[in-house]
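Structural features, examined
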Amino acid sequence: MDTSPDAHPRPGDHDGLPALELAFPGPERDRGVAAITDGLKTALTGLLEIYEHAGEEVPVAGQRFSVLDSEGRPAVTIELVEVRVVPMKEIDDDFARAEGRGYADVAEWRAAHEDFFRSEGVSEFLGRTPVVDDDTPVVAQRFRVVGPDGSATC
């Protein structure tokens, strides 16, 4: 899940690509998709425990995803340019701002992500509320938007 709260890949084939959903359907996802299409969002974060619970591999640089809107329709295609699994404490201000959610610094990013990772939706998915602290592993991803023909658009 993104948190930005961001993302989690979803099995399936959308425009020949695996799907990626930001947060849960609704306003939070819609804001995230808009931030990507507006060029404001170039990073996303997922809780490693969600990938593990879902039995999904951590994405790798070079992978492309079809980002879905709240209706489950492909909205934009992204290509990962960097993927790191790091403890939460290693996220910095630059990465926090790249999430395109208006975070002034990593403290704001952290508060939002802690709230999301401990949210009812995440807890329901995992079957428990996850422990979120300095050492919690997150999947920090940077990406670029790519056009339908595979060419970069930003």
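What comes next is a walk through the structure. (Residues numbered from 1 in each chain as written. Predicted model: local features only at pLDDT ≥ 70, side-chain atom pairs only at ≥ 80, totals over all residues. Heavy atoms only, no water.)

Taking burial as the measure, the five residues of strand S4 (residues 64-68) include four buried ones, the bulk of the element. Of the pairings in the sheet, the one linking strand S2 (residues 17-22) to S4 comprises two bridges and is parallel in character. Looking across to S4, one finds that Leu-20 is bridged to Val-67. In this structure, the hairpin formed by S4 and strand S5 (residues 74-87) is closed by a connection of five residues, where Gly-72 is found at a positive phi of approximately 85 degrees. (Buried < 20%, exposed > 50% of the residue type's maximum accessible area, 1.4 Å probe, protein only. Helix = DSSP H or I, 4+ residues; strand = E, 2+ residues; numbered from the N terminus. Pairing = 2+ DSSP bridges.)

Every buried residue of helix H1 (residues 27-37) is accounted for by Arg-29, Gly-32, Val-33, Ala-35 and Ile-36. Projected down its long axis, H1 shows its buried positions confined to an angular sector of 160 degrees, all on one face. In this structure, the buried residues of H1 make contact with S2, S4, S5 and strand S6 (137-146). One or two positions beyond H1, positive phi appears at Gly-39, with a value near 80 degrees. (Arc of directions from axis to C-beta. Contact = heavy atoms within 4.5 Å.)

This paragraph deals with the packing of aromatic side chains. Taken as a whole and judged by the stated rule, the model has two aromatic pairs. Arranged with centres 5.6 Å apart and planes meeting at 45 degrees, the rings of Phe-24 and Phe-116 form a pair that is tilted. Here Phe-116 lies in helix H4 (residues 106-117) and Phe-24 lies in the loop between S2 and H1, a separation of 92 residues in the sequence. Each member of the aromatic cluster is reached from another via a ring pair, and the members are Phe-24, Phe-116 and Phe-117. (Phe/Tyr/Trp six-rings, centres within 6.5 Å; stacked < 30°, edge-to-face > 60°.)

Moving on: the environment of Val-85. Turning to its location among the elements, Val-85 is positioned in strand S5. Note on Val-85: relative accessible area 44%, which makes it partly exposed. As for Val-85 and Gly-46, which are separated by 39 residues in sequence, their C-alpha atoms are 9.4 Å apart. If we skip the residues at most four places from it in the chain, Val-85 touches Leu-48, Val-58, Pro-137, Val-138 and Val-139.

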